[in-house]
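# Remarks on the overall topology
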Amino acid sequence: MINTTMVIGTQWGDEGKGKIVDYLSRDADYVVRFQGGNNAGHTINVNGDIYKLHIIPSGVIQGKIGVIGNGCVVDPEVLIEEINALEERGIKPRVLISNRAHVIMPYHRLLDGAAESYLGGKKIGTTKRGIGPCYSDKIARLGIRMSDLLDREQLKQRLDVILPIKQSLLEVYGVKEKLNEKEILDRYIEYGSQLRSFIVDTHIILNQAIKEGRSILFEGAQGVMLDIDFGTYPYTTSSHVISGGGCIGTGVPPGFINRVIGVMKAYTTRVGEGPLLTELKNGIGRYLQEHGNEFGTTTSRPRRCGWLDLVVVKHACILSGLTEIAVTKLDVLTGLDPIKICVRYSIGGKETDVFPPYNVDKYVPIYKEFPGWDELPSKPKDFNDLPREARDYLKFIEDYLGIPINIVSTGPSRRETIVVSR
Ligand code: GDP
Ligand code: IMO
Ligand code: MG
């Protein structure tokens, strides 16, 4: 029997994917990242012990094998630091890295920063981790892959071609830094030698494991609204965040995916620039930010906050074929009354529930109001332990999306998780 579950962010990232993946990892054999790099920041709270992972799949905290798929971009320096930091805390992560995953090189980080400065007021607000430039090189066929780090001659041949182009590009942006080929070659061959035993054909291992009935959990990074095609382009990341990206980014075919869980924060947040129609630039927005501790895991930037936008989540449902929803941070809405949900947008006297491809800021959200609740029981175990108002809020979301909410998270720790029984 095929036993695969994909976990996808349904908004602009930071929905609590790390918490849900950690929770589900108990029953998994492999936990697999398939896109993005260390722009992600996934927080796992094991009853007070907090781990922040950027490139290593969250499942390693539960001792599971963490796979970094071919669709990811890997900064080897960050990966090695992350492995060492976990080892210092007594966790020896078991990691496999696709030999086809692309490598974030020093010039990618420089070019990310340079492009952002160049764009000035029109910047994307990237994490400056080199993600966009690394994916650009992959598509332009100028990338370095993990397997290149295992062969000095191969890496040198690639750098001979690539470095002069990157040096010229840096000059166009006015960056003075000189790229030293020998230094880069020595450093990246050293990373390769440290990671050698982890760099394998992950697509073979995963497909074999699926055929043997092993349990595979795919851990999405970012959220559908940051998807390169379906997000708020150009204010997106550079990878395929939707569930299809999980197949491309691992080499596991679509027929092998049977569950797709969309993680949805009970309200909306966004880090970086770009449209956010339900944003609350008022006391309620500040309330969500403070109560939800909405500060970026990767860059510590304050996250912009607003009401839940179901036009966005429906977009995610369609694109990722979600079979169920995990709602997080329901506790953060406690004390707000009324609570609003955006159900449609209006533009030029017409209404729509389809997320637009451009001119997003011209659309006006239409809200439905819900009565709030004063408190949640501590560590509720059952859906029916929640106050009636909270249950009504969740039932409305289920009806709107037409898929079940199977998990409700009411706090950061593992214990604060309700699995909805039916
Ligand atoms: P990810 O990028 O989707 O993994 O999410 P992040 O880890 O960047 O951000 C989610 C934050 O919310 C983390 O600090 C989590 O510990 C925290 N969190 C997750 N679920 C809940 C919840 O139900 N309630 C509260 N209050 N915090 C939560
Ligand atoms: P997780 O996995 C929230 C945002 C950045 C910026 C845009 C492009 O923790 O949910 P990039 O560095 O990817 O080129 O930046 O995408 N962004 C995220 N926002 N959570 C993330 O990851 C993000 N990863 C990238 O803030 O707006
Ligand atoms: Mg995050």
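Residues numbered from 1 in each chain as written. Chains lettered and ligands numbered in written order. Predicted model: local features only at pLDDT ≥ 70, side-chain atom pairs only at ≥ 80, totals over all residues. Heavy atoms only, no water.

### A word on the nonpolar core
- Core analysis: the largest hydrophobic core is formed by 57 residues, its most contacted members being Tyr393, Leu394 and Ile397.
- Here this core takes five residues from helix α11 (residues 388–401), the largest share from any one element.
- In this view, Ile397 contacts Met264, Leu308, Leu310, Ile341 and Ile405; residues no more than four positions away in its chain are not counted.
- The next biggest cluster of nonpolar side chains, apart from the first, holds 43 residues, and it includes Tyr51, Ile91, Ile184 and Leu185. (Core = buried A, V, L, I, M, F, W, Y, C linked by side-chain atoms within 4.5 Å. Buried < 20%, exposed > 50% of the residue type's maximum accessible area, 1.4 Å probe, protein only. Helix = DSSP H or I, 4+ residues; strand = E, 2+ residues; numbered from the N terminus. Contact = heavy atoms within 4.5 Å.)

### What about the coordination of the magnesium ion (ligand 3)?
- For the magnesium ion (ligand 3), the full set of protein donor atoms is Asp14 (OD) and Gly41 (O), and the range of their distances to it is 2.0 to 2.2 Å. With Asp14 in the loop between β1 (3–9) and α1 (17–25) and Gly41 in the loop between β2 (30–33) and β3 (42–46), the pair connects residues that are 27 residues apart, well separated along the chain.
- For Gly41, a relative accessible area of 9% corresponds to the buried category. (Donors = N, O, S within 2.8 Å, 3.2 Å for Na, K, Ca; no water.)

### Notes on the site of ligand 2
- In the vicinity of ligand 2 there are 20 residues, among which Asp14, Lys17, His42, Thr127 and Thr237 approach most closely.
- The backbone of Gly41 places a nitrogen or oxygen atom 2.9 Å from an oxygen atom of ligand 2.
- One of the side-chain nitrogen or oxygen atoms of His42 is found 2.7 Å away from an oxygen atom of ligand 2.
- Compared with its free state, where it exposes 550 Å², ligand 2 has 97% of that area covered by protein.
- Counting contributing residues, the shell around ligand 2 receives three or more from each of domain 1 (3–87 + 202–419) and domain 2 (102–196). (Near = heavy atom within 4 Å. Polar contact = N/O pair within 3.5 Å; in protein donor to acceptor, adjacent residues only side chain to side chain. Areas by Shrake-Rupley, 256 points an atom, 1.4 Å probe, with all protein chains shown as cover. Domains from an automatic or database assignment.)

### Points about the confidence of the model for the protein chain
- Mean pLDDT for the protein chain: 97, with 100% of residues reaching 70 or above.
- Mean pLDDT across the elements of the protein chain bottoms out in β3 (95) and peaks in strand β8 (residues 102–103) (99). (pLDDT = per-residue confidence, 0-100.)

### Quick look at the site of ligand 1
- Inspection of the region around ligand 1 gives 19 residues, with Lys17, Gly41, Thr43, Asp331 and Ser409 positioned closest.
- In this structure, Gly18 approaches ligand 1 through a main-chain N or O atom, which is 2.8 Å from an oxygen atom.
- In this structure, an oxygen atom belonging to ligand 1 sits 2.5 Å away from a side-chain N or O atom of Ser409.
- Relative to its free-state accessible area of 590 Å², ligand 1 is covered by the protein chains to the extent of 92%.

### A few points about the environment of Arg100
- Within the element layout of this structure, Arg100 appears in the loop between β7 (94–98) and β8.
- Judged by its relative accessible area of 36%, Arg100 is partly exposed.
- Residues Arg100 and Arg145, spaced 45 residues apart in sequence, show a C-alpha to C-alpha distance of 5.5 Å.
- Leaving out residues up to four positions away in the same chain, Arg100 has contacts with Asn70, Arg145, Asp201 and His203.
- Of note is the side chain of Arg100, whose polar atom sits 3.1 Å from the side chain of Asn99.

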